[in-house]
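Working through the structure, step by step
Listed below are the residues making up each chain.
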Amino acid sequence: MASFGVDTRPAAAASGGGGGGAGAAGTGEGALSFLSRSLREDLRLLRARAGELETFLSAPVAEPELLARLRRAYSSSASSARTRLDLSAIGKAFEAESWRGARGRARWGWEEEAEEWEPVRMVKARFRELERSTQGQSATDMLHKVKLSLKSMSFAPEASEDVPPLDLGELFAYFLKQSVPLFDQLGIKRDVCDKLVESLCSKRKDHHAYNFLSASEPSSLRNDNVGDELDLRIASVLQSTGHHCEGGFWRDVQKSDISDKRHVAIVTTASLPWMTGTAVNPLFRAAYLAKSSKQKVTLVVPWLCKSDQELVYPNSMTFNSPEEQENYMRNWLEERVGFKTDFKISFYPGKFQKERRSIIPAGDTSQFIPSKEADIAILEEPEHLNWYHHGKRWTDKFNHVVGVVHTNYLEYIKREKNGAIQAFFVKHINNLVARAYCHKILRLSGATQDLPKSMICNVHGVNPKFLEVGERIAAERESGQQSFSKGAYFLGKMVWAKGYRELIDLFAKHKSDLVGFKLDIYGNGEDSHEVQSIARKLNLNLNFHKGRDHADDSLHGYKVFINPSISDVLCTATAEALAMGKFVVCADHPSNDFFRSFPNCLTYKTSEDFVARVKEAMTRYPQPLTPEQRYNLSWEAATQRFMEHSELDKVLNDSSNDCSSSGGTEPDRSAGRRTRQPVSAPSISDAVDGGLAFAHYCLTGSELLRLSTGAVPGTRDYNKQHSADLRLLPPQVQNPIYGW
């Protein structure tokens, strides 16, 4: 018979011995080694014949009798005193059952190698288990279980449950749902899109596709939201097809690597010694973010050439080098925070625009942050930074981009000539740059434009020096001392938009009601001459003084701070006055919502209310701040609010950074639910954002279009003076011109 490739010769023949006793004993060890190698080779041949296993299993054989013969064969082999395994008995058992097939016998095996004797032991154990399981069962049931067991060893994927394909209505509903950003740009209300989606999906509500979802999804994922059900439907179809989408249309999925310590770049539009909000607040934010030592922080500020420095910085202050200005900034900051700051300061080229009294970046600002540090970006005034940005998209270079809106530009623009038309265009440009360049936007108050991806949260604190003044005044009051020796004052840059127009109107209308009330005003600015001249002409009881730092000792003795401005987003001077324990009289306006919880904040709606609040403040004594109120005004609390609402705490704790950098749909956190979203689905929102960014890049590349929209000439790239001051490549090397 054919022997399945197994050597069944006697031991002497197999070992090559001459025949007998003493010779066989003398070469026993060699024979055993030879048998071991021979058996491994035979087993390898057995394993190479797995294709006929199904034929063996389906053969009409009396399985119980076969197993009995096999058991006796193994028993006789195991009880043998010989050192080798005698497989001839097994071969005879197979022969007796007439196992015949085309061209030979059943052959079986596996691909992986095994140690010596281990496969034999496994086969014996398997047969014993099968024999025990067949007791009391039919041969057919036993064979069926063997087949199922062998199928379970297969690496072939199981067939997924049938998922009905998407129909035209579902595709159209999903298209509408993902096109909301585009409709926002076109002025179509979001409610209209939601109703259309709901109408299209409601027709499919009772369809077997949605029944499949409700049956297959766990109860925690099931809800009555049509949009969520559509997302789950799309996700189930994509999963059934095995589709997986990396990234999105027009999105750069190659982000910078995330090291053990994260990098945060804070980019702003102004720097000290210009005492403006976008110069002071980002400086404090950098100090307190770096204080935790959990991340490396870089503050990126504009560098002005000397000719521009003379126009911007007070008292004709200028700097010969960026290092000199950096030393000034650090000394100013450390004197106020009381600790050594540990963050890097970097400069980018900027030019001052006289008409708008603002600094415009020159060149691609993002290139001044090294790629190895391009992890998290905080854009202070993202609209301002990106109006004329002609460079790499922030969300392509950085893993997470947060914008902080400081200024109510629309309010300022409306006050200019043809302001309504200009405000219309600026509003849509702001929407475009916010959607194209940021993952998350924080608005300091409701006074700002409602931008995409935005939420309202005050993420600014006050200089610790003001809180120290408030604590000292409270201690003096407890000891019976008189802390406030002066009346009321106003402090702010002397331009009409900063509340001076409202202030003069209020005093002119109620001159008779405010007899004997004197207001001291501190400020410098372009409109100072005109403001003072109108006040004198109307004979108003306003005393004007040169501008000074709010922390100056001469201002501590005032009891009431009056701020009628409605153009501010969140007035820093108001927060500082409250921190010092003063009364604040301010307008009932969204910019002052954060201050309403403080008992010393007195708001008014009408001019008559203004007079009543002023008189109330002059006749009462302010209440001391509680520890909780002091903490809410501090930069520690502001930093905590910033980390939470910008989701920076989650990003910093997430080493994979898959939530912020993926650009996929975020989990639904409403009503405590955690809804699975189809992150692998191609996102039309990403395509819209990418298209807007590409269009903006093309438009800002034209010098004619830049100049027609009010850009400073020559700001698409930096100039020779910038390259000399900042030690950059010359402009003609950085941006070579070919073909001349």
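Residues numbered from 1 in each chain as written. Predicted model: local features only at pLDDT ≥ 70, side-chain atom pairs only at ≥ 80, totals over all residues. Heavy atoms only, no water.

What counts here: UniProt positions are given in the numbering used here, feature names are shortened, and annotations may be inferred rather than shown by experiment.
If you check an unreviewed UniProt entry, the chain appears there as Digalactosyldiacylglycerol synthase 1, chloroplastic from Panicum virgatum. Its UniProt record gives the chain a comment under Catalytic activity (unreviewed entry), which states: "a 1,2-diacyl-3-O-(beta-D-galactosyl)-sn-glycerol + UDP-alpha-D-galactose = a 1,2-diacyl-3-O-[alpha-D-galactosyl-(1->6)-beta-D-galactosyl]-sn-glycerol + UDP + H(+)". Turning to the chain, the UniProt record has this under Subcellular location (unreviewed entry): "Plastid, Chloroplast outer membrane".

Overview of the confidence of the model for the chain
For clarity, the cut-off: Confidence scores here are pLDDT values: one per residue, from the predictor, ranging 0 to 100. When checking whether two residues touch, look at their non-hydrogen atoms; a contact exists if any pair is within 4.5 Å.
Per-residue pLDDT for the chain has a mean of 75; in total, 65% of the residues score no lower than 70. Predicted confidence is poor over residues 243–254, with pLDDT under 50, and the contacts of this stretch with residues over four places away or in other chains come to 20 contacts.

Observations concerning the sheet that holds strand β11 (residues 542–545)
So the rule is basically this: Two strands qualify as a pair provided that DSSP identifies no fewer than 2 bridges between them. Counting from the N terminus, the helices are DSSP H or I runs at least four residues long and the strands are E runs at least two residues long. Where helices are involved, their axes are fitted lines through C-alpha atoms of the stretch in contact, as for all axes, and angles between N-to-C directions lie from 0 to 180°.
With parallel pairing, the six strands of this open sheet are ordered in space as β11-β10-β9-β12-β13-β14. Lying at the two open borders of the sheet, with one neighbouring strand each, are β11 and β14 (601–604). Looking at each pair of strands side by side, their axes are set apart by 25 degrees on average, direction ignored. Bridge analysis of strand β12 (residues 558–563) against strand β13 (residues 583–587) gives four bridges, and the strand direction is parallel. The residue bridging Asn 563 from the neighbouring strand is Cys 586, located in β13.

Looking at the nonpolar core
To keep things clear, this is the line we draw: Nonpolar cores are built from buried Ala, Val, Leu, Ile, Met, Phe, Trp, Tyr and Cys residues. Side-chain atoms within 4.5 Å join them into one set. Burial classification: accessible surface area is computed with a 1.4 Å probe over protein chains only, and a residue below 20% of its type maximum counts as buried, one above 50% as exposed, and the rest as partly exposed.
With 104 residues, the main nonpolar core has Phe 343, Phe 507, Leu 519, Ile 562, Phe 610 and Phe 642 as its most contacted residues. For this core, the element with the most residues is helix α14 (residues 277–291), which contributes nine residues. Aside from chain neighbours lying at most four places away, what touches Phe 610 is Leu 506, Phe 507, Leu 514, Ile 562, Val 585 and Tyr 604. Ala 362, Val 401, Ala 434 and Leu 451 belong to the second largest nonpolar core, which has 27 residues in total.

Points about the side chain of Glu 373
This is how the line gets drawn: Any pair of N or O atoms that falls within 3.5 Å is considered a polar contact. Within protein, one atom must be able to donate a hydrogen and the other to accept it, and sequence-neighbouring residues count only if both atoms are side-chain atoms.
When you line up the elements, Glu 373 lands in the loop between β4 (358–361) and β5 (376–380). For Glu 373, the side chain forms a polar contact with the side chain of Lys 344, separated by 3.5 Å. Setting aside chain neighbours within four positions, we find Glu 373 in contact with His 263, Thr 298 and Lys 344.

Re helix α23 (residues 528–537)
Counted only if it meets this: It is the directions from the helix axis to the C-beta atoms whose arc is reported.
Restricting attention to buried positions, one finds in α23 the residues Ser 528, Val 531 and Ala 535. Along the axis of α23, the buried positions cluster into a sector of 70 degrees, meaning they face one direction only. Of the residues in α23, the exposed ones pointing more than 90 degrees away from the buried face are His 529, Arg 536 and Lys 537. Next to the buried residues of α23 lie α22 (500–509) and β11.

Comments concerning the state of the cysteines
Formally: Only a pair of cysteine sulfur atoms within 2.5 Å counts as a disulfide in this structure description.
As enumerated under the stated definition, the model contains zero disulfides in all. Note on Cys 601: no disulfide assigned, nearest cysteine sulfur contributed by Cys 586 at a separation of 3.6 Å.

Looking at the sheet that holds β4
Strand order in the open sheet made by the eight strands is β4-β3-β2-β1-β5-β6-β7-β8, with mixed pairing throughout. The open sheet has two edge strands, β4 and β8 (454–456), and neither has a second partner. The mean angle between the axes of side-by-side strands here comes to 30 degrees, regardless of whether they run parallel or antiparallel. Relative to strand β2 (residues 295–303), strand β1 (residues 262–267) runs parallel, the two being bridged by six bridges. Residue pairing across strands places Arg 262 opposite Gln 295, the latter belonging to β2. Running over the sheet, α14 touches β1, β2, β5 and β6 (400–405) and is turned about 165 degrees from β2.

Some thoughts on the pairing of β2
Counted only if it meets this: Seen with its strands pointing away from the viewer, a crossover is right-handed when the path leading from the first strand over the helix to the second is clockwise.
Here β2 lies mainly inside the structure; eight of its nine residues are buried. Following the backbone out of β1, through α14 and into the adjacent parallel β2, one traces a crossover that is right-handed. Of the pairings in the sheet, the one linking β2 to strand β3 (residues 344–353) comprises six bridges and is parallel in character. The residue bridging Thr 298 from the neighbouring strand is Lys 344, located in β3.

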